[in-house]
Structures are given as C-alpha cells and as structure tokens.
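Reading the structure
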Amino acid sequence: MAREKAKRGKVSMYRNKRQMELNSVEVWDGNFANSHALRQASVDVVSAYPITPSTGTVEGYAAHNANGYVDGEMIMTESEHAAMSGCIGASAAGARAATATSSQGLALMVETLYQASGMRLPIVLCMINRALAAPLNVNGDHSDMYLANQSGWISIDACTPEESYDLVLCAFRIGEHLDVRLPVIVNQDGFLTSHKAQNVRPLSDDQAYDFVGDYKEVNSMLNFDKPVTHGVQTESDWHFEHKAKQNAAMMASPKVIEEVFEEYAKISGRKYNMIETYKTEDADIIIVCLGTTYQTAQVAADKMREEGVKAGVLMPRVFRPTQLDMLAEKLKGAKAVVCMDRSAPGGQTGLLYQDVAAALFNTSARPLLSNIVYGLGGRDINIENLKSIYTHAKAEVDAGKLDGAIQRFVGVRGPELKYYSVEG
Amino acid sequence: MSSLLGGLPQGNKEIKSLKAFSTAAERFEGAHVLCPGCAHSIIVREVLNATNDNLVVGASTGCLEVCTAIYPHTSWDCSWIHIGFENSSTAIAGAERANMALRRKGRIDPNTPEPKFVAFGGDGATYDIGFQWLSGCFERGHNMMYVCLDNEVYANTGGQRSSSTPIGASATTTPAGSHSYGEKQNKKDMIAIMAAHGSPYVAQVAPNKWKDMVKKIQKGFDANGPVYINAMSACTTEWKFPIHQTIEVSDMATDSLVFPLYEIIDGKELNITYRPKNIVPVRDYLGVQPRFKHLFKPENEYLIQEWQTRVDAQWEYLQRREEAKV
Amino acid sequence: MAQHKDFVNNLYKGKEHFENSIFDMGWDEIVQGAAVFSFEGEIDHTVVNVHPEDRNVAETNSQNKYVGDWRVIKPVWNVDICIDCQNCWLFCPDSSIVSRDKEMVGIDYDHCKGCGICVEVCPTNPKSLIMFDEHIKNEDALTQWPEKKQKEEK
C-alpha cells in the first residue's frame, strides 16, 4: 500500500478532459450508472458488443463518447468474443480496458475470460446477469455469473445501480493493483437492477478519477524499450507453475479488496465488505443469496423477526475468490442455513450451497444446510416467497432435520422437485 | 563486428537489391521449433525485415505461434501477443486502438514514430475460425496488416482440411481413399473477400519471389487502413515434399499460376505483379506434392484437367480485370 | 585451400551463464502472466540498429537455444566459390546463414536444422554450399568438393 501511495503521489494526469457536472443525487438505472463509472474512470479502450440487458451500459458510454466526454477509444466489435479479444489486445498494449455483457455474450467470450486472467490483464467487465439459453431468455438469473466462476476473474456482486457504480470504480483499483493484476467482473441483476432507475449518489468526476488513479502499465507491448511476448504456450513442464501463481494472486486479493473498500468508504460514505450480512449475529435461520434477492430477503427477515423468528441474510459481496473462513465465521451460530442459487444447477447442488458446505465442513458447526433453486429466467421471488422459505426452514429446525431432501426447486409450476434425499 | 547503421531511418527498408536487403538486422531469432524447411519463417523474416519501424506483432494459435513462443523461450525481438485461435486480428486491433488512445491522452509522446501493427494467422485461423474476427477488423478500418500464412491445411494439428484446402488435396479429414479423391470444395477466395471489405490494399505473395513480397509488404505498411496479405506457405510436412525443396515447390506454385501474384488497390485496381517467363503446367506442380499423388491414377486424370482449366480461367480473369482497370 | 570462417560459434549460453536462471525458478519467481522478455532489462538502442549477436538477449530469447541436434546432415560453406548473392541468407528458415555488410560470413551451426534449402538456392557451379554428413569435419568436406558441372547437351 505504501508503494501504491508513493506511485500515486503525483496528481493523476490522464482523466477525460471534458467533465460532467453531476447532481448530488442522480436517478440512474444500473446500465447508465455503469456507463458513468466507466466514463469517470477514463477507460482507454472500451471494446464492446451489445446484448440484452447489458446493452444500456454500452449505449450510455457511446453517448458519452459521442458528446465528447471520452478521450479514449471505443471499438464496437462484431461479437462478444471479439469484444473481449479487443480488450485483451488493448490491455496488453498498456491501456485501461473495459467492456459489458450478459448471458450468451458471456458464454461466447468464456474462452477469452480464461485467456485474460491467465495473461494477468486487469480488464473490468460490467456483467448484467441474465439466464443462459436454452430456452432463450433475456431476464435476470445468475447462470452467467456461475459460468464465469472458475475463469480466474474476481467476481463482485451489486444489488442496486448505486452499488454497481461504486463497485465498478473499485474494480479498476482492485484489478490494477500491482499485487493483484487480475480482471474483475462486477455483476448486477438483469432488468431488476440494470433497467430500474434508482437513486445514485455519484462521486464528482474529479473525486472518482482521483480514486481510480492513472493506469499503471505492466509489461506493455507499446513499451519498445522492453519488448515482451504475451500469451505463450506452456506445456506440462511449466503450466502448473503459472496457474499456481495466478491462483496465488487471486487468493491474496482479499487484502487489497478490503483496503480499496475502506478507502472508497472514506470518499463516498458507503462501505462494502467481502461478505455482507443483515442481522446474522443472532440469527437462527440465515438465507445466503446474491443480487436483488439479498435486498428482498432483508425485508422478509424483518417481517419474520416480527413473528418471532430470528432471521438473517448473508450475501457474498465478493463471489470469487471464495472466503471459506469468513463464511464459516458468520454462519456458525445459525441453526439453519438456506443457500439460494439463482442458476439452473445442471445436476448438482448450487454454487452457494457448495461454498457454504465447504466452509462449514471443517468446523464443528452443523446447521441444517439446504439448497434452493429459484428465480430462473427472471421468475420473480418476492417477500412472501422468502417468508415461506424462512418458515419452511424454521419447521426443519423444530423437527431437528431436513424435510427429506437437500435441494428444492421453489416457485416452479408442477409437482414438487426435491433432490439429494436425506434420511428422516 | 560489422558496421550497422547508427540510427536507421524509420519506415521501409531499402530493397534495391538482395545484397542491400541482407543488411537487415533481424528481429526473428533462430532456434524456434518450426519444421526444418518451413516456409512460415522465411515469410516472417521477409515481412519483419521489410521495415525499420517499431513493431507490435500478433499470431493466432498455429504452427508459427506454437513454435516461436513456447515457454520459456521467445523467438521475437519485438512485442508480440497470442490470445487464441480466432483472434490475432482483434488482438492487434485492440493494441492499435490502445496506441491511438494513449497518444491522444499524451501517455505516449505523439511525436514518437508510430509503430506498425501486424497479425499473422494460418489459413485455418484466417479462412475458417477467425474469419468473423478478421472481417470485423477490416470493416472497422483498423490501421493494421494481416498476413495469412497459407499452407492450405490445419498443419499444426496434423493436416486437417480448411476452407483453403484446394480440390483433390488429401487432408486427414478429407483423405483420398478408395471412394474419395480427397477435398471436394474449391479453395475460398480470401483476397477477393478482403478486397470487398474496402481494404486499401490486398495482395498475394510468395516467399520465393522475395522482391515482390517485400515491395507489397512495404506498400501495405504505407497504406492507411487494414491490409490483407495472403502468403503462400509451402509446407514440407503436410504437402509432403522433401524438406530442401521448399523454394523449388514455391517456384512451381507461382510459375504454374496456381498461386498468381497480384495486388488489388482500393478494391478496384488489380495489378498482376509477376508474369512467369515459362508457365509451368499445373500437373507438374501437383506432381511434386504427395498430397496430390492419388490424382495421377487414371480414374482421377480428369481432376488434373479440371485443375488446369480452373487455373487458366483464373489467370484469364486476372488479366482481364487488370486490363479493364476495375 | 579454401578457408571457411565459422562466424557464430556457441551462441547458446547454457543455464550457468545466467545468474537467476529461469530453469531454477518456482511459481513465485516467474514473471506473471507467463510473459517472456526478449532482452535483459530495458534496451537503450533501437533493436534494428544492432545485430542479434550484439543485443543483450535474455535467457528466454530463443537465440540461446540449441537445435543443432536436429541435424543428421549439415551444410558446409565454401568461401572460395561463394559470390555473396545472399540467396542462402534470404531463404534460410532458421536464420542460420550469417551475412554481414553484404558478405557471407558463415553458418550458425547452433541453429541450423540441416534442411538443405541453402544448397538448393545456391546459384554457383559447383555450389558454394553442399550438404555433408554431420560428423565430417568441415575442412575435410572442403577437400571433397565436386567439380564444376558441365552443361548437358540438349
């Protein structure tokens, strides 16, 4: 951190010259909020392709560009794979690069996600979470976030337009940190956040850029004093070392993430945490979830508390890297933990369930641990649904055992679907 | 040891003669692991030696990339990037835009000479899997050169057919057999396709005609916009001729007009740049490559006739277009 | 008696030449992103102004590799017959024909894979480059040089 400060001693020089006067409270949807964060971060190259529901981020940025607020370059590519490829080329050439996508676009660029992280390029991806086909669906679920979960990208989740705006700015600081140098995804729910205008209290252009700072080049191809070869082939004699090194950086990133969140809190008054919790300290039943469900569940938890059930909610703000010890710490006191995964499981338990189970297994804590699949393709989950989930878990706690199975599908029409039965 | 050049001028190298060209200080090192006799490296050396400018080079997954950048060694004395199979063009396009952005912002001194951006890809990467990416780059008009190293197969993976594989060639996925004469589809005309993108300059080159190639590379570097170069790369391993015959086979390719050397400027001016003194029969060109040996069976003789007819027709077409100046 | 010049011998710098050899490194010391540098540190010259052997190449530059063991036959160069046409320099796929100041200097046997293209493109009669068995000494090969070929009667 000291080295960071020393390098940033100078006034940050390369912000977009034309500035925007923003109100102290703006009303922006998640996409537009992203577009401002990208503008304020003075991204050098945005290489992007449109896909619902992330198109708005790209369109918003394109409008800023067309109106002279962007000094960098914008490349509208012919596919998402090309979009990320352009980001990689730009980043390897020493530029701050970013893009946005969803669902099918993310699926198409998966190959390049692995390439970007393997090449240790701090690209920022604004991901508007949308269901993966088939069948085709444009609405919000987390299947694309889950698809990218092993790609080596740091993955952070936002629940509101303001959170996304904040976290995109943080993402540049986190990814570009010399101890990290990894690409970062900032997620938000498709339509529920991306297309819902809410209050956002933005930083001023100067505040935002001073926070993000000038881009630090590492092994840039445009540095002709030190020609560098990027993207080599490593065979069985070298591949493992490189992947181990990459993973080590990922595992060391929480330290940087927490420092960045601290610093951002001082400027914005908004504090983000590796894991967000709501009334979990004394909770008997905790729901673990991501995205807007986290907010709805807080309301449901309060209503349950009025009815005498000690309910809490937990959200891994930083989805990847996984924080097993932190999860265990925050969940160990509960009697029941319900992990709600908003992604078609593909014949397994959901990723949140797997993370929590992994966290708790090596502790003595043994809450009733269940998995709910919900909300696929934008199927709504409301306060009443969440209350029934709490109630169901409470009944399990009272009975001292799970209700026959680990995994339930909630909110789907037809006969009940339960998997991984447990003995009564 | 030798005098070199204290402060070479930027831009294209002098090519008045081969002796002059040979004073180039090369940026492609030896001890890569390309096959002995591989034409790829001859082409790359000619391309890189054509200019004194700073270079940012990209390559698609393929023989060139795999054999010149296998950890922990690199054969490139210039900046170089490989991402994947489809996207060397887009990688270089991203770097080209980064350069524009950083110069505009003053992070790179805009008074320093501009580098050249060059992407290499095999015919598999260019004609097939990377076609969309290449098309996108050309449609967007990036200031870059794309050189296709065309050996008419997916050589790096053992010789599978690509859309560049010509009719009658035996490739591992379109092998000659008792019920098949090999590849059934005609070779895709990438040069016409890239010219139709509005590229200021597209050309076909061959490493045996070095002066023609270097002139075209330099024209390409001077052009403003995306430039496509289709470089015939005679592959000893997949065309199956002896390793010392690479230039000889290349000569037959250009002299039989199977690989005519021409350029198209701004999509509308076609110039034939090499007219062989003695045109070699196509059958002789096919005859030195075992990938075509089954065509010499009596029942396949008609295919050789068709080959000659096709090459004659293409040559006729090129001449007519050149004459008509369209 | 023709004297050949062996210009570039022993380009291959073994592991012991480099203080911090990459071959001794574990995951913690290698460059992130598997990035590979062509040169040691930053260069203070334009690359094209300096011939490869004078560049401060890094251990990771393939210039330091040895592929001479790919050969079973090798080219031998006869300086007395050579006319410095540069064909062999041009067409060598392995950058193993060394030319300086428009004159041929010799063969880089560390990098030559013995493909024989140089012999094919040599225009002199007899050729100035001929392939010999790998194990023959060059000075012995030069004593076995063929005579000028007579033109065939048509």
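Because the structure is predicted, anything quoted here is derived from the model rather than measured.

1. Thoughts on the overall build of chain B
Scanning chain B from N- to C-terminus turns up 12 helices and 10 strands. Relative to a compact globule of 326 residues, whose C-alpha radius of gyration would be 20 Å, chain B shows 20 Å and is just as compact. Over its C-alpha atoms, taken along the principal directions, chain B stretches across nearly 65 × 50 × 40 Å.

2. Quick look at unusual backbone geometry
Residue and element names in this part refer to chain A. The linkage connecting Thr 52 with the following residue, Pro 53, adopts the cis geometry, with an omega of -5°. Tracing the backbone through its elements, the reader meets Pro 53 in the loop between strand E2 (45-48) and helix H3 (55-66). The omega torsion of the bond from Arg 320 to Pro 321 falls at 5°, within 30 degrees of zero and hence cis. Along the chain, Pro 321 turns up in the loop between strand E13 (318-320) and helix H12 (324-331).

3. Considerations on the domain arrangement of chain C
Domain annotation for chain C reports domain 1 (15-64) and domain 2 (68-143). A straight line from the C-alpha centre of domain 1 of chain C to that of domain 2 of chain C covers 28 Å.

4. Some remarks on the nonpolar core
Formed by 245 residues in total, the largest nonpolar core has its most connected members in Val 186, Val 288, Val 338 and Val 356 of chain A together with Val 118 and Ile 229 of chain B. Among the elements that line this core, the one with the most residues is helix H8 (residues 161-176) of chain A, at 8 residues. With sequence-adjacent residues up to four places away left out, Ile 229 of chain B is seen in contact with Met 145, Tyr 146, Val 147, Cys 148, Ala 203, Val 205, Lys 216, Ile 217 and Gly 220 of chain B.

5. A word on the sheet that holds strand E16 (residues 405-410) of chain A
All names here are of chain A. On the basis of which strands lie adjacent, the open sheet formed by 7 strands has the order E10-E12-E11-E14-E15-E16-E17 and mixed pairing. Strands with a single pairing partner mark the edges of an open sheet, and in this sheet they are strand E10 (275-278) and strand E17 (418-421). Mean inter-strand twist for the sheet, computed between neighbouring axes without regard to direction, equals 20°. Set on the sheet, helix H11 (residues 292-306) makes contact with E10, strand E11 (285-288), strand E12 (311-316) and strand E14 (336-341); between it and E12 the angle comes to about 165°. Strands in contact with H12 are E10, E11, E12 and E14; relative to E10, the strand with the most contacts, it is inclined by about 10°.

6. Quick word on the environment of Gln 204 of chain B
Residue and element names in this part refer to chain B. Residue placement: Gln 204 occurs in strand E7 (residues 201-205). The spatial distance from the C-alpha of Gln 204 to the C-alpha of Phe 259 is 7.7 Å, given a sequence separation of 55 residues. Residues within four places of Gln 204 in sequence aside, it is in contact with Ile 191, Asn 230, Phe 259, Pro 260, Leu 261 and Tyr 262.

7. Side note on the pairing of E16 of chain A
All names here are of chain A. Taken together, the 4 bridges between strand E15 (residues 368-374) and E16 define a ladder with parallel strand orientation. Bridge pairing in E16 places Ile 372 opposite Arg 408. Since E15 and E16 lie parallel, the crossover through helix H14 (residues 383-399) that links them has a hand, and here it is left-handed.

8. Considering the packing of H11 of chain A against H14 of chain A
Residue and element names in this part refer to chain A. Contact geometry of H11 with H14 gives a least axis separation of 9 Å together with a crossing angle of 55°. With respect to H14, the element H11 is oriented oblique. Note that H11 runs across H14; the crossing there is right-handed. Contact residues: Thr 296, Ala 297, Val 299, Ala 300, Lys 303 and Met 304 in H11; Ile 383, Leu 386, Lys 387 and Tyr 390 in H14. Taken together, the residues of the contact of H11 with H14 sort by class into 7 nonpolar, 1 polar and 2 charged.

9. Points about helix H13 (residues 351-361) of chain A
Among the residues making up H13 of chain A, those that are buried are Leu 351, Leu 352, Tyr 353, Asp 355, Val 356, Ala 359 and Leu 360 of chain A. For H13 of chain A, the secondary structure elements touched by its buried residues are helix H7 (143-147), E11, H12, E14 and E15 of chain A.

10. What to know about helix H10 (residues 246-255) of chain B
Because each turn of an α-helix spans 3.6 residues, side chains separated by three or four positions in sequence point in the same direction. In terms of burial, H10 of chain B is largely enclosed, as 8 of its 10 residues are buried. Where the residues of H10 of chain B are buried, they touch helix H2 (39-49), strand E8 (227-232), helix H9 (236-239) and helix H11 (282-287) of chain B together with helix H1 (87-91) and helix H2 (117-121) of chain C. Backbone geometry just after H10 of chain B places Leu 257 of chain B at a positive phi near 70°.

11. Remarks on the sheet that holds strand E3 (residues 73-76) of chain A
Residues and elements named next belong to chain A. Reading across the sheet, the 7 strands line up as E3-E2-E4-E5-E7-E6-E13 and stay open at both edges, with mixed pairing between neighbours. Of all the strands in the sheet, just E3 and E13 have a single pairing partner and so form its edges. Here the average twist between neighbouring strands, direction ignored, is 20°.

12. Quick look at the interface of chain A and chain C
Across the contact, 17 residues belong to chain A and 14 residues belong to chain C. Elements with a contribution of two residues or more to the side of chain A that touches chain C: strand E9 (228-230) and helix H10 (239-268) of chain A. No other element matches H10 of chain A, which puts 5 residues into the side of chain A that touches chain C. Split into classes, the residues belonging to the side of chain A that touches chain C amount to 6 nonpolar, 5 polar and 6 charged. Looking at chain direction, E9 of chain A and strand E1 (residues 36-37) of chain C are connected through 2 bridges and run antiparallel. The partner of Val 228 of chain A across the bridge, within E1 of chain C, is Phe 37 of chain C.

13. Details of the interface of chain B and chain A
Taken together, the contact between chain B and chain A spans 40 residues of the former and 38 residues of the latter. Residue assignment for the side of chain B that touches chain A shows that the elements contributing at least two residues are strand E2 (79-81), helix H4 (88-104) and helix H6 (131-140) of chain B. When grouped by side-chain class, the residues that make up the side of chain B that touches chain A number 21 nonpolar, 12 polar and 7 charged. Of the pairings in the sheet, the one linking E9 of chain A to E2 of chain B comprises 2 bridges and is parallel in character. When the bridges of E2 of chain B are listed, Thr 229 of chain A appears paired with Trp 80 of chain B.

14. Structural notes on the packing of helix H2 (residues 30-40) of chain A against H8 of chain A
All names here are of chain A. Two numbers describe how H2 lies on H8: the axes approach to 8 Å, and their chain directions differ by 25°. What the angle tells us is that H2 and H8 run roughly parallel. With respect to the hand of their crossing, H2 and H8 are arranged in right-handed fashion. Between H2 and H8, the contacting residues are Gly 30, Ala 33, Asn 34, His 36, Ala 37, Leu 38 and Gln 40 on the first element and Pro 161, Glu 162, Ser 164, Tyr 165, Val 168 and Leu 169 on the second.

15. A closer look at the confidence of the model for chain C
Residues and elements named next belong to chain C. Looking at chain C as a whole, its pLDDT mean stands at 89, while 88% of the residues score no less than 70. Long-range and interchain partners of residues 1-8, a stretch whose pLDDT sits below 50, account for 21 contacts in this model, where long-range means more than four residues apart. Across the assembled chains, the prediction reports ipTM 0.95 with pTM 0.95.

What counts as what
Residues numbered from 1 in each chain as written. Chains lettered and ligands numbered in written order. Predicted model: local features only at pLDDT ≥ 70, side-chain atom pairs only at ≥ 80, totals over all residues. Helix = DSSP H or I, 4+ residues; strand = E, 2+ residues; numbered from the N terminus. Rg over C-alpha atoms; globule rule 2.2 N^0.38 Å. Domains from an automatic or database assignment. Core = buried A, V, L, I, M, F, W, Y, C linked by C-beta atoms within 7 Å. Buried ≥ 20, exposed ≤ 12 C-beta atoms within 10 Å, placed from the backbone. Contact = placed C-beta atoms within 7 Å. Pairing = 2+ DSSP bridges. Axes fitted to C-alpha atoms, helices over the stretch in contact; angles between N-to-C directions. Right-handed = clockwise from strand over helix to strand, strands pointing away. Parallel < 35°, antiparallel > 145°, perpendicular 65-115°, else oblique. Left-handed = near helix turned anticlockwise from the far one by under 90°. Nonpolar A, V, L, I, M, F, W, Y, C, P; charged D, E, K, R; others polar. pLDDT = per-residue confidence, 0-100.

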